[in-house]
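Spelled out, the chains give:
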Amino acid sequence: MREIVLDTETTGLDPLRGDRLVEIGCIEIFNRMPTGQTFHVYINPERDMPAEAFAVHGLSTEFLASKPLFTEVVDDFLAFIGDTPLVIHNASFDISFINAELDRIKRAAIPKDRLVDTLLLARRKHPGVSNRLDDLCSRYAIDNSRRTKHGALLDAELLAEVYIDLIGARQSQLILASEAADARSGSYGDMPRRHREVPLAARVSEADREAHRAFVATLGDKPIWNDYLPPLATPAAAPAA
């Protein structure tokens, strides 16, 4: 199953009061494992950056002035997330900003039934304690030393690690890996080998083989790879009569 772990940075706390989106970071995971595919973009908010927000993420008005507008990156963003579930920490905050930007350019909002809110998951699993992203990283022994300031892509990377632990997927993966290793070592017997009932059709046609033979014939009797092959054994001489 494909999921997208998402985080944003903004100019403030309320899109209804003029605060805007300034950064989006996304991490693709498949079957609860990161695939290495990411989406990351800085966005020109077309307004100033309040000092309070700058202290959180360090993105200045001057830095963002040369970045694209949301309308210039929205198609790439929507193509990346597709129709997959979105894993977000405190999802109502991030999605309110994304949907405000979508509404501003007359695009359809992202429905809330696509959201997986890791803050709610954490509160159910760890009630009565703080469940900020930094707290969860500490709880699950995830290295967040690079997080000197908030950053959408880094926070999405950390959240992907937290999410895998939070839902118990990492433990399941470790158990499966351990069982597979035991099976390979003989603890549970040999691993069964599956065979196709119908062999795959050959992808190399007779025309391909003929073209290869014709190419090899053009190389003469001293092709370069013979320099790297061991010499052929000389047949033993027949014993004298």
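Parameters and conventions
Residues numbered from 1 in each chain as written. Predicted model: local features only at pLDDT ≥ 70, side-chain atom pairs only at ≥ 80, totals over all residues. Heavy atoms only, no water. Axes fitted to C-alpha atoms, helices over the stretch in contact; angles between N-to-C directions. Helix = DSSP H or I, 4+ residues; strand = E, 2+ residues; numbered from the N terminus. Parallel < 35°, antiparallel > 145°, perpendicular 65-115°, else oblique. Left-handed = near helix turned anticlockwise from the far one by under 90°. Contact = heavy atoms within 4.5 Å. Nonpolar A, V, L, I, M, F, W, Y, C, P; charged D, E, K, R; others polar. Salt bridge = Lys/Arg side-chain N within 4 Å of Asp/Glu carboxyl O. Buried < 20%, exposed > 50% of the residue type's maximum accessible area, 1.4 Å probe, protein only. Expected span 1.5 Å × (residues − 1). Phe/Tyr/Trp six-rings, centres within 6.5 Å; stacked < 30°, edge-to-face > 60°. Lys NZ or Arg CZ within 6 Å of the ring centre and 35° of its normal. Pairing = 2+ DSSP bridges. Lys, Arg positive; Asp, Glu negative; His and termini not counted.

A. Spotlight on the packing of helix α5 (residues 118-125) against helix α7 (residues 152-166). Across the interface, α5 lies against α7 with an axial gap of 11 Å and an inter-helix angle of 40°. With respect to α7, the element α5 is oriented oblique. Both α5 and α7 take part in a crossing whose hand is left-handed. Within the contact between the two elements, α5 uses T118, L121, A122 and K125 and α7 uses L159, Y163, D165 and L166. Here the contact of α5 with α7 is built from residues that sort into five nonpolar, one polar and two charged.

B. View of the pattern of salt bridges. Here the structure, examined in full by the defined rule, presents 14 salt bridges. A salt bridge links R147 to D134; its shortest N-O distance comes to 2.9 Å. You can see R147 sitting in the loop between α6 (133-139) and α7 and its partner D134 sitting in helix α6, a full 13 residues away along the chain. What makes D134 partly exposed here is its relative accessible area of 26%.

C. Focus on helix α4 (residues 91-104). Between its first and last C-alpha, α4 extends 20 Å over 14 residues, near the 20 Å set by a 1.5 Å rise per residue. The set of residues buried in α4 consists of A91, D94, I95, F97, I98, N99, A100, E101 and L102. Close packing links the buried residues of α4 with β1 (2-10), β2 (21-30), α3 (70-81), β4 (86-88) and β5 (115-117). Two residues or fewer after α4 comes K106, characterised by a positive phi angle close to 60°.

D. Spatial organisation of the packing of aromatic side chains. This model, assessed by the stated rule, comprises four aromatic pairs. Here the aromatic rings of F93 and F97 are separated by 5.0 Å at their centres, their planes lie at 50°, and the arrangement is tilted. Residue F93 and its partner F97 are both found in helix α4; the two are separated by four residues, about one turn of the helix. According to the relative accessible area criterion, F97 is buried, its value standing at 1%. It is R2 that lies over the ring of F80; its NZ or CZ is 5.5 Å from the centre.

E. Expanded view of the pairing of strand β3 (residues 33-42). Pairing of β2 with β3, which is carried by seven bridges, proceeds in the antiparallel orientation. Looking across to β3, one finds that C26 is bridged to F39. Taking the residues that link successive antiparallel strands as the turn, the β2-β3 hairpin has two residues, and the phi of N31 there is positive, at about 50°.

F. Up close: the side chain of D7. Here D7 shows up in strand β1. Here D7 sits buried without a salt bridge, and the closest side chain of opposite charge, R147, lies 6.2 Å off (N-O distance). Residues within four places of D7 in sequence aside, it is in contact with E23, I24, G25, D94, G151, A152, D155 and A156.

G. Main features of the sheet that holds β2. Strand order in the open sheet formed by five strands is β3-β2-β1-β4-β5, with mixed pairing between adjacent strands. The open sheet has two free edges, formed respectively by β3 and β5, since each of these has just one partner strand. Going across the sheet, the axis of each strand differs from the next one's by a mean of 25°, ignoring polarity. Each of β1, β2, β4 and β5 is contacted by α4, which is oriented at about 80° to β1, the strand it contacts most.

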